[in-house]
Amino acid sequence: LCVPAVPVLFKQALENTDVEEGKSVSLRCELTKADATVVWKKGEATLQASAKYEMKQKGTVAELVIHNAEPEDV
């Protein structure tokens, strides 16, 4: 029996967020499938976990925290 894969969709997309320079900002999205693989990108570049970028995921909610935000980050 072959069951087609159900696509993962955004249940709640990212929203525009204002942040003060030098502060942290959290971006969250909610997906239709728990623990789906999420890749965060800035333009064409894939972001990697670092002191600046923190990625979290719990169930259907994926979150990117940008520490020490600068104007070019948002």
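Structure: see above.
Only a predicted model underlies this, so the values are computations on that prediction, with no experimental measurement involved.

Cut-off values and rules
Residues numbered from 1 in each chain as written. Predicted model: local features only at pLDDT ≥ 70, side-chain atom pairs only at ≥ 80, totals over all residues. Heavy atoms only, no water. Core = buried A, V, L, I, M, F, W, Y, C linked by side-chain atoms within 4.5 Å. Buried < 20%, exposed > 50% of the residue type's maximum accessible area, 1.4 Å probe, protein only. Helix = DSSP H or I, 4+ residues; strand = E, 2+ residues; numbered from the N terminus. Contact = heavy atoms within 4.5 Å. Pairing = 2+ DSSP bridges. Axes fitted to C-alpha atoms, helices over the stretch in contact; angles between N-to-C directions.

Colleague: Would you mind showing me how to read the nonpolar core here?
Modeller: A general trend in soluble globular proteins is that nonpolar side chains are found buried together. Residues Val25, Leu27, Cys29, Leu31, Ala36, Trp40, Leu47, Tyr53, Ala62, Leu64, Ile66 and Ala69 constitute the largest nonpolar core, which totals 12 residues. Residue assignment for this core shows that the elements contributing at least two residues are β2 (25–31) and β6 (61–66). If you tally residues by element for this core, the top one is β2, at four residues. What Cys29 contacts, discounting residues up to four positions off in sequence, is Phe10, Gln12, Ala13, Leu14, Trp40, Thr60, Val61 and Ala62.

Colleague: Teacher, can you tell me more about the sheet that holds strand β1 (residues 10–12) here?
Modeller: Strands pair in a sheet through their backbones, by hydrogen bonds, and they do so in one of two ways: parallel or antiparallel. Strand order in the open sheet formed by four strands is β1-β2-β6-β5, with antiparallel pairing between adjacent strands. Every other strand in the sheet has two partners, leaving β1 and β5 (53–58) as the edge strands with one partner each. Averaged over all neighbouring strand pairs, the angle between strand axes comes to 30 degrees, with direction disregarded. Two strands pair when backbone bridges link them, and β1 and β2 are joined in this way by two bridges, in the antiparallel orientation. Paired with Phe10 across the strands is Leu31, a residue of β2.

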